[in-house]
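Observations on the three-dimensional arrangement
Residue strings, one per chain:
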Amino acid sequence: MLFPTPRDRLCDSLGRPYFLWDCDLTLDAWRALTRDADPDVRAYWIGVAMRQAKPDDVLTLLTWPELEEAWPRLRLGRETAFWEWLRARVRHAA
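Report on the accompanying structure. Computed from a predicted model, the values in this text were never measured in an experiment.

A separate point is the side chain of R42. Structurally, R42 can be placed in helix α3 (residues 39-52). What makes R42 buried here is its relative accessible area of 17%. Apart from the residues lying within four places of it in its own chain, the contact partners of R42 are L33, T34, R35, D36, A37 and E69.

Here the focus is the pattern of salt bridges. Under the counting rule described, the total for this entry stands at eight salt bridges. The salt bridge partner of R16 is D24, with a shortest N-O separation of 3.1 Å. Residue D24 is classed as exposed on the basis of its relative accessible area, which comes to 63%. The salt bridge involving E68 is made with R91; its shortest N-O contact spans 3.3 Å. Remark: R91 occurs in helix α6 (residues 80-93) and E68 occurs in helix α5 (residues 64-70); sequence separation between them is 23 residues. Residue class for E68 comes out partly exposed when judged on its relative accessible area of 23%.

A few words now on α6. Taking 1.5 Å of rise per residue, the 14 residues of α6 would be expected to cover 20 Å, and the 20 Å separating its terminal C-alpha atoms lies within 8% of that figure. All of the buried residues in α6 are W83, L86 and R87. Taken down its axis, α6 places every buried residue within 105 degrees of arc, on the same side. In this structure, α6 carries A81, R89 and H92 as exposed residues pointing more than 90 degrees from its buried face. Where α6 is buried, its residues meet α3, α4 (55-61) and α5.

Counting 23 residues, the largest nonpolar core has F19, W30, M50, V58, L74 and W83 as the members making the most contacts within it. Among the elements of the structure, α2 (27-33), α3, α4, α5 and α6 are those that each provide at least two residues to this core. By residue number, the principal contributor to this core is α3, which donates six residues. The residues contacting L74, other than those within four sequence positions of it, are A43, I46, G47, M50 and L67.

The rules behind these values
- Residues numbered from 1 in each chain as written.
- Predicted model: local features only at pLDDT ≥ 70, side-chain atom pairs only at ≥ 80, totals over all residues.
- Heavy atoms only, no water.
- Helix = DSSP H or I, 4+ residues; strand = E, 2+ residues; numbered from the N terminus.
- Buried < 20%, exposed > 50% of the residue type's maximum accessible area, 1.4 Å probe, protein only.
- Contact = heavy atoms within 4.5 Å.
- Salt bridge = Lys/Arg side-chain N within 4 Å of Asp/Glu carboxyl O.
- Expected span 1.5 Å × (residues − 1).
- Arc of directions from axis to C-beta.
- Core = buried A, V, L, I, M, F, W, Y, C linked by side-chain atoms within 4.5 Å.

This is the structure in C-alpha coordinates:
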(Lines give C-alpha, C1' and ligand atoms only; values in the text may rest on other atoms or scores of the structure.)
Protein backbone atom coordinates (compact mmCIF):
# COMPACT_ATOMS: atom_id res chain seq x y z
CA MET A 1 0.00 0.00 0.00
CA LEU A 2 1.40 3.36 -1.04
CA PHE A 3 0.92 6.67 0.74
CA PRO A 4 1.99 9.27 -1.83
CA THR A 5 2.05 12.96 -1.13
CA PRO A 6 -1.35 14.45 -1.97
CA ARG A 7 -1.34 16.24 -5.34
CA ASP A 8 -2.11 19.58 -3.72
CA ARG A 9 1.05 19.25 -1.58
CA LEU A 10 3.32 17.62 -4.17
CA CYS A 11 3.98 20.91 -5.98
CA ASP A 12 4.28 24.54 -5.00
CA SER A 13 2.07 27.30 -6.44
CA LEU A 14 4.21 27.38 -9.59
CA GLY A 15 3.87 23.64 -10.23
CA ARG A 16 7.35 22.70 -8.99
CA PRO A 17 7.51 19.42 -7.05
CA TYR A 18 9.16 19.40 -3.63
CA PHE A 19 11.86 16.98 -4.73
CA LEU A 20 13.17 19.42 -7.33
CA TRP A 21 14.08 21.93 -4.64
CA ASP A 22 17.35 22.88 -6.37
CA CYS A 23 16.07 23.54 -9.89
CA ASP A 24 13.23 25.42 -11.52
CA LEU A 25 11.23 22.69 -13.24
CA THR A 26 7.54 21.97 -13.13
CA LEU A 27 6.31 18.44 -12.58
CA ASP A 28 5.28 18.28 -16.24
CA ALA A 29 8.74 19.42 -17.40
CA TRP A 30 10.40 16.84 -15.12
CA ARG A 31 8.07 14.13 -16.43
CA ALA A 32 9.00 15.05 -20.01
CA LEU A 33 12.69 14.68 -19.12
CA THR A 34 12.01 11.20 -17.72
CA ARG A 35 10.69 10.31 -21.19
CA ASP A 36 13.50 11.94 -23.16
CA ALA A 37 14.89 10.07 -26.17
CA ASP A 38 18.35 10.03 -24.56
CA PRO A 39 18.57 7.22 -21.95
CA ASP A 40 21.19 9.16 -19.97
CA VAL A 41 18.85 12.14 -19.64
CA ARG A 42 16.01 9.85 -18.56
CA ALA A 43 18.22 8.14 -15.98
CA TYR A 44 19.51 11.42 -14.57
CA TRP A 45 16.03 12.81 -13.89
CA ILE A 46 14.65 9.49 -12.66
CA GLY A 47 17.63 9.32 -10.31
CA VAL A 48 16.88 12.80 -9.00
CA ALA A 49 13.46 11.62 -7.89
CA MET A 50 14.81 8.35 -6.47
CA ARG A 51 17.34 10.31 -4.38
CA GLN A 52 15.12 13.21 -3.30
CA ALA A 53 11.46 12.13 -3.28
CA LYS A 54 9.62 9.84 -0.93
CA PRO A 55 9.69 6.29 -2.34
CA ASP A 56 5.87 6.22 -2.43
CA ASP A 57 5.95 9.33 -4.64
CA VAL A 58 8.56 7.79 -6.95
CA LEU A 59 6.43 4.67 -7.34
CA THR A 60 3.38 6.80 -8.08
CA LEU A 61 5.08 9.08 -10.61
CA LEU A 62 7.11 6.41 -12.43
CA THR A 63 6.42 2.86 -13.49
CA TRP A 64 8.54 -0.07 -12.41
CA PRO A 65 9.56 -0.74 -16.07
CA GLU A 66 10.82 2.87 -16.29
CA LEU A 67 12.95 2.31 -13.19
CA GLU A 68 14.27 -1.01 -14.49
CA GLU A 69 15.17 0.45 -17.88
CA ALA A 70 17.12 3.27 -16.22
CA TRP A 71 18.74 1.03 -13.58
CA PRO A 72 22.16 0.52 -15.25
CA ARG A 73 22.61 4.29 -15.63
CA LEU A 74 21.31 5.43 -12.23
CA ARG A 75 23.52 7.15 -9.67
CA LEU A 76 21.67 6.83 -6.38
CA GLY A 77 24.38 7.53 -3.83
CA ARG A 78 23.30 6.78 -0.28
CA GLU A 79 19.88 5.66 -1.55
CA THR A 80 21.37 2.75 -3.52
CA ALA A 81 20.95 0.16 -0.76
CA PHE A 82 17.29 0.97 -0.27
CA TRP A 83 16.46 0.77 -3.98
CA GLU A 84 18.47 -2.44 -4.41
CA TRP A 85 16.53 -3.95 -1.50
CA LEU A 86 13.20 -2.90 -3.01
CA ARG A 87 14.20 -4.10 -6.46
CA ALA A 88 15.09 -7.53 -5.06
CA ARG A 89 11.72 -7.72 -3.28
CA VAL A 90 9.83 -6.79 -6.44
CA ARG A 91 11.76 -9.34 -8.48
CA HIS A 92 11.17 -12.03 -5.86
CA ALA A 93 7.44 -11.32 -5.82
CA ALA A 94 7.14 -11.57 -9.62
